[in-house]
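Structural features, examined
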Amino acid sequence: MLKSGLRLARFWPILLLAGLLLAAWASGLTELLSFEALAAHRAALAEAVATYPTAAAAGYVLVYIAVVTLSLPGAVVLTLAGGLMFGPWIGTALTVVGATIGACLLFLIARSALASLVTGRAAGVVELMRPGLERDGFFYLLTIRLIPVLPFWLVNLAPALIGMPFGAFAAATAIGIIPGTAVFAGIGAGLGDVLAAGGRPDLGVLLAPEILLPLLGLAALSLLGVWWRKRKRDA
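Report follows, based on the coordinates. Positions within a chain are numbered from 1, following the residues in the order the chain's sequence is written. Local features in this predicted model are restricted to residues of pLDDT 70 or higher, and side-chain atom pairs are both shown and tallied only at a pLDDT of 80 or more, whereas totals for entire chains, interfaces and linings draw on every residue. The basis for the side-chain values is all heavy atoms of the structure; hydrogens and waters are excluded.

**Looking at helix α4 (residues 53-69)**
We count a stretch as a helix when DSSP gives it H or I for four or more residues in a row; a strand needs E for two or more, and each element gets its number in order from the N terminus. Multiplying 1.5 Å by the residue count of a helix minus one yields the expected span of that helix. An ideal rise of 1.5 Å per residue puts 24 Å on 17 residues; α4 measures up with 24 Å between its terminal C-alpha atoms. Burial classes follow relative accessibility: with a 1.4 Å probe on protein chains only, a residue under 20% of its type's maximum area counts as buried, one over 50% as exposed, and anything between as partly exposed. Along α4, the residues that are buried comprise Ala-56, Ala-57, Tyr-60, Val-61, Tyr-64, Ile-65, Val-67, Val-68 and Thr-69. Of the residues flanking the end of α4, it is Ser-71, one or two places downstream, whose phi is positive at about 55°.

As structure tokens, this is what we get:
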């Protein structure tokens, strides 16, 4: 009886996640994370922000936390919605808060209960990231966050499975997602006319030199931190 209780206590986060996932799909939340839904509800969203700005901001952050924690698709659309609703600066700030908290919750859940379930499926990527995270955790993760070539959910899980310290994970996540988030929120801030005309945002702008080169430059700076730590260790 005691062993069964301990086993249940260990896996309650998995049960909670499963329940929340079912609720998200049943409630239609995933269907709202689309450009079509954003276009259809943009007037209502604008009215909500104008009438209840604080509640709208809190609601946006809570939704973003849920999307990231549950690893639901549509975070890009939600980031664009943040820029559309609150403007580029406040939209960026709210998104960074929501995404960081959601990533930290998933990190803690993965470290406590999901390790045995996730490690097998993501073993290849986890082992690929292991040397860098174990040697230069903060700077290595910061580089990955600055150039998001890997899925956000996977970059949340791998450090937890490897045993990265929570503080370093949270700091690298919060700092590393700011530039990319600012770009998406800036695009979202100018979406009103595009959505009104039935169009979609041109996310190809992310590959433009004026956007891509600064992100690569920031990533290079974080790699300098890795190089410096290696130099000090070898000295």
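From this point, the discussion proceeds with the structure in view.
**Here we look at the packing of helix α3 (residues 35-51) against helix α5 (residues 75-86)**
All axes are obtained by fitting lines to C-alpha atoms, using only the stretch in contact for helices, and the reported angles, taken between N-to-C directions, cover 0 to 180 degrees. Where α3 contacts α5, the axes come no closer than 10 Å and their chain directions differ by 35°. Note that α3 runs across α5; the crossing there is right-handed. Touching Phe-35, Leu-38, Arg-42, Leu-45 and Val-49 of α3 are Val-77, Leu-80, Ala-81, Leu-84, Met-85 and Phe-86, all from α5. By convention the crossing between two helices is left-handed if the near helix lies anticlockwise of the far one by an angle smaller than a right angle, and right-handed if it lies clockwise. Contacts are assigned to residue pairs that have any heavy atoms within 4.5 Å of one another.

**Some words on the nonpolar core**
Put simply, a nonpolar core is a bunch of buried Ala, Val, Leu, Ile, Met, Phe, Trp, Tyr and Cys residues held in one set by side-chain atoms that sit within 4.5 Å of each other. If you look at the biggest cluster of nonpolar residues, it comprises 50 residues, and the most contacted ones within it are Tyr-60, Phe-86, Leu-141 and Phe-169. If you list the elements that add at least two residues to this core, you get α3, α4, α5, α6 (88-121), α7 (123-146), α8 (152-162), α9 (166-176) and α10 (178-189). Apart from the residues within four sequence positions on either side, Leu-141 is in contact with Leu-133, Asp-136, Val-155, Pro-159, Met-164, Phe-169, Ala-172 and Thr-173.

**Looking at the packing of aromatic side chains**
Only Phe, Tyr and Trp rings take part, Trp by its six-membered ring, and two of them pair if their centres are within 6.5 Å. Stacked means planes under 30 degrees apart, edge-to-face means over 60, and tilted covers everything else. Tallied over the full model, the rule gives five aromatic pairs. Taking the centre distance of 5.6 Å and the plane angle of 65° together, the rings of Tyr-60 and Phe-86 count as edge-to-face. Of this pair, Tyr-60 sits in helix α4 while Phe-86 sits in helix α5, and the two are 26 residues apart along the sequence. Across this residue pair, the class does not change: Tyr-60 and Phe-86 are buried. Ring pairs connect the aromatic residues Tyr-60, Tyr-64 and Phe-86, which therefore count as one cluster.

**Section: the environment of Thr-92**
With respect to the helices and strands, Thr-92 occurs in helix α6. The spatial distance from the C-alpha of Thr-92 to the C-alpha of Thr-79 is 7.9 Å, given a sequence separation of 13 residues. Every residue in contact with Thr-92, bar those within four places of it in the chain, is listed here: Gly-87, Ile-178, Thr-181, Ala-182 and Ala-185.

**What to know about a nonpolar patch on the surface**
The grouping of Val-97, Ile-101 and Leu-105 at the surface amounts to a nonpolar patch, some 220 Å² of accessible area in total. Relative accessible area serves as the criterion here: at 37%, Leu-105 is assigned to the partly exposed category. Surface patches are drawn from residues lacking salt bridges whose relative accessible area is over 30%; two like charges belong together within 9 Å, two nonpolar side chains (Val, Leu, Ile, Met, Phe, Trp, Tyr) within 5 Å. Each accessible area value is a Shrake-Rupley result obtained with a 1.4 Å probe; residue values ignore everything except the protein chains displayed when judging cover. One side-chain nitrogen of Lys or Arg within 4 Å of one carboxyl oxygen of Asp or Glu is enough to make a salt bridge.

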